[in-house]
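# A look at the structure
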Amino acid sequence: MVIEQHSLFIPYLDGKLHLRQIKPMDADMSKPPIFMLHGAMSNGRVFYSDSGKGLACFLAESGFVVYVLDTYGRGLSTPKLHRGSKPGQGQIIRDQLPLIHHYIVSLHRNNPQIHWCGHSWGGVLMASAISRYPLFQESIASLVTFGTKRSIKIKSLKKWMMVDIGWNKLAPLIAWSHGYLAADRWRMGMDNESRSSLAQSIDWVRGEWIDHDDGFDYAKAAINTANQGKWPKAWFIAGLGDEVLGHPEDVLRMIQECQFSDVRYTLLSKAEGYRHDYGHADMLTHRDAAGDHFAQVKVWYEQIEGGTSS
């Protein structure tokens, strides 16, 4: 199926948020679209490419309309992060996700339901927004995450070097020097982080799930959401080769923390029949992913639309 890609720009603060629309040439706009959010030190390119690679393009070729966001300062959103950039992860949860969600709904007026899909920390921010806002609890058709964990509890030498030393100590020093975390320059990631986002994510990974700006208790809200049966159907995907940033044990721990009821968990490993023991990034970027688990994600969405359980 032939697909087309368009860059949409939505005014936000002193610039614009970039939203990539990827869809079939003859797209059915009455079907629920899929909205994707990248993680920390990343941008929307983890989901798509101009040449048609990536999960977003794969799903568009299967008939879905997909939207991929670059959060403030990342990817093609403007302005780029610079010294003095202040928006943190709280602004993504409280401002950017509601703004983009409403914008997508405005393009699909005959179907207010939207599928949400997040990679890594993007899944945490999405879960935070869902637990906080009844609007999302009513209008999100499903939540799919790749390598998403709220906290890191596993212990290993690699975790100690990457998280305890690299993320918790060296990254704040780099951010203080540049005025933001220049992750791309230091080859720590594909995009940068503001000092606020960095500090807030560090606190959440090793501490409580509470909003730094207004004290909102996301952990308590997550339990309330579960008690009210308001969580959408969810699928948490982990990779056996993801040894630190989305370790399978930490992914399972987030499922338990949120108390999802209608939830599926998949471990991408050779032992489970997949071609590789996928890692944190290559579960979305590996050349074999399309013929492996991407096909299962496609079926997942088709079954939800058909009213059947996967």
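Residues numbered from 1 in each chain as written. Predicted model: local features only at pLDDT ≥ 70, side-chain atom pairs only at ≥ 80, totals over all residues. Heavy atoms only, no water.

In the nomenclature of an unreviewed UniProt entry, the protein is known as Alpha/beta hydrolase family of Shewanella psychrophila.

Of the regular secondary structure elements, the protein holds 10 helices and 8 strands. Relative to the globule expectation of 19 Å for 310 residues, the C-alpha radius of gyration of the protein, 18 Å, shows essentially globular dimensions. Expressed along its principal axes, the backbone C-alpha trace of the protein runs to roughly 50 × 45 × 40 Å. Across the 310 residues of the protein, 56% fall into the buried class. Taking all contacts inside the protein whose residues are at least 6 apart in sequence as the whole, residues at least 24 apart take part in 71%. Distance between charge centres in the protein, computed from 33 positive and 32 negative side chains, equals 4 Å. (Helix = DSSP H or I, 4+ residues; strand = E, 2+ residues; numbered from the N terminus. Rg over C-alpha atoms; globule rule 2.2 N^0.38 Å. Buried < 20%, exposed > 50% of the residue type's maximum accessible area, 1.4 Å probe, protein only. Contact = heavy atoms within 4.5 Å. Lys, Arg positive; Asp, Glu negative; His and termini not counted. Charge placed at Lys NZ, Arg CZ, Asp CG, Glu CD.)

Following the UniProt record, one finds the feature "domain: Serine aminopeptidase S33" (unreviewed entry) at residues 44–163. End C-alpha atoms of residues 44–163 are separated by 23 Å, and the span's content is 42% helix alongside 15% strand. (UniProt positions renumbered as here; feature names shortened; annotations may be inferred.)

Judged by side-chain charge, D26, D28, E302 and E305 come together as a negatively charged surface patch. Tracing the sequence through the fold places E302 in helix α10 (residues 293–305). (Patch = residues over 30% accessible without salt bridge, like charges linked within 9 Å, V, L, I, M, F, W, Y side chains within 5 Å. Areas by Shrake-Rupley, 256 points an atom, 1.4 Å probe, with all protein chains shown as cover. Salt bridge = Lys/Arg side-chain N within 4 Å of Asp/Glu carboxyl O.)

Moving on, we get to the pairing of strand β7 (residues 233–239). The buried count for β7 comes to 7 of 7 residues, which makes it a mostly enclosed element. Going residue by residue along β7, you find K233, W235, I237 and G239 tucked away on one face and A234, F236 and A238 tucked away on the opposite face as well. Inspection of the sheet shows strand β6 (residues 140–146) paired to β7 by 5 bridges, in the parallel sense. Note that in β7 the partner of T145 across the bridge is F236. Remark: the β7/helix α8 (residues 248–258)/strand β8 (residues 263–268) crossover connection has right-handed handedness. (Pairing = 2+ DSSP bridges. Right-handed = clockwise from strand over helix to strand, strands pointing away.)

The next thing to look at is α8. Along α8, the residues classified as buried are P248, D250, V251, M254, I255 and C258. The secondary structure elements touched by the buried residues of α8 are α3 (121–132), α7 (218–227), β7 and β8. Phi turns positive one or two residues past the end of α8, at Q259, with a value near 60 degrees.

On to the environment of G122, then. The topology assignment puts G122 in helix α3. A sequence separation of 83 residues divides G122 from G39, and the C-alpha atoms of the two residues are 4.2 Å apart.

Now for the side chain of N192. Position of N192 among the secondary structure elements: in the loop between α5 (157–178) and α6 (195–206). Of the polar contacts made by the side chain of N192, one reaches the backbone nitrogen of A183; its length is 2.8 Å. Look past the residues within four positions of N192 in its chain and what remains in contact with it is R74, L81, Y180, L181, A182, A183 and D184. (Polar contact = N/O pair within 3.5 Å; in protein donor to acceptor, adjacent residues only side chain to side chain.)

Let us look at helix α2 (residues 89–107). With 19 residues, α2 extends 26 Å between its outermost C-alpha atoms, agreeing within 8% with the 27 Å of an ideal straight helix rising 1.5 Å per residue. Largest kink in α2: about 35 degrees, centred on Q96, with the proline P98 one to four residues after it. Along α2, the positions that sit buried rather than exposed are Q89, G90, Q91, I92, I93, R94, Q96, L97, P98, I100, H101 and I104. (Expected span 1.5 Å × (residues − 1). Bend = angle between axes of the 7 residues up to and from the residue.)

Two numbers describe how α2 lies on α3: the axes approach to 10 Å, and their chain directions differ by 55 degrees. With respect to α3, the element α2 is oriented oblique. Crossing hand, α2 versus α3: right-handed. Where α2 abuts α3, its residues Q89, I92, I93, R94 and L97 lie against W121, L125, M126, S128, A129 and R132. A per-class count over the contact of α2 with α3 returns 7 nonpolar, 2 polar and 2 charged. (Axes fitted to C-alpha atoms, helices over the stretch in contact; angles between N-to-C directions. Parallel < 35°, antiparallel > 145°, perpendicular 65-115°, else oblique. Left-handed = near helix turned anticlockwise from the far one by under 90°. Nonpolar A, V, L, I, M, F, W, Y, C, P; charged D, E, K, R; others polar.)

Per the stated rule, a full pass over the model turns up 0 disulfides. C57 takes part in no disulfide bond, and the closest cysteine sulfur to it belongs to C117, at a distance of 13 Å. Judged by relative accessible area, which is 0%, C57 ranks as buried. (Disulfide = S-S within 2.5 Å.)

Next up on the list: the sheet that holds β8. Taken in spatial order, the 8 strands line up as β1-β2-β4-β3-β5-β6-β7-β8 in an open sheet, and their pairing is mixed. Sheet topology places β1 (3–12) and β8 at the edges, where each strand pairs with a single neighbour. Between one strand axis and the next, the sheet turns by 20 degrees as a mean value, whatever way the strands run. Contacting β1, β2 (15–24), β3 (34–37), β4 (66–70), β5 (114–119) and β6, α2 crosses the sheet at an angle of about 130 degrees to β1.

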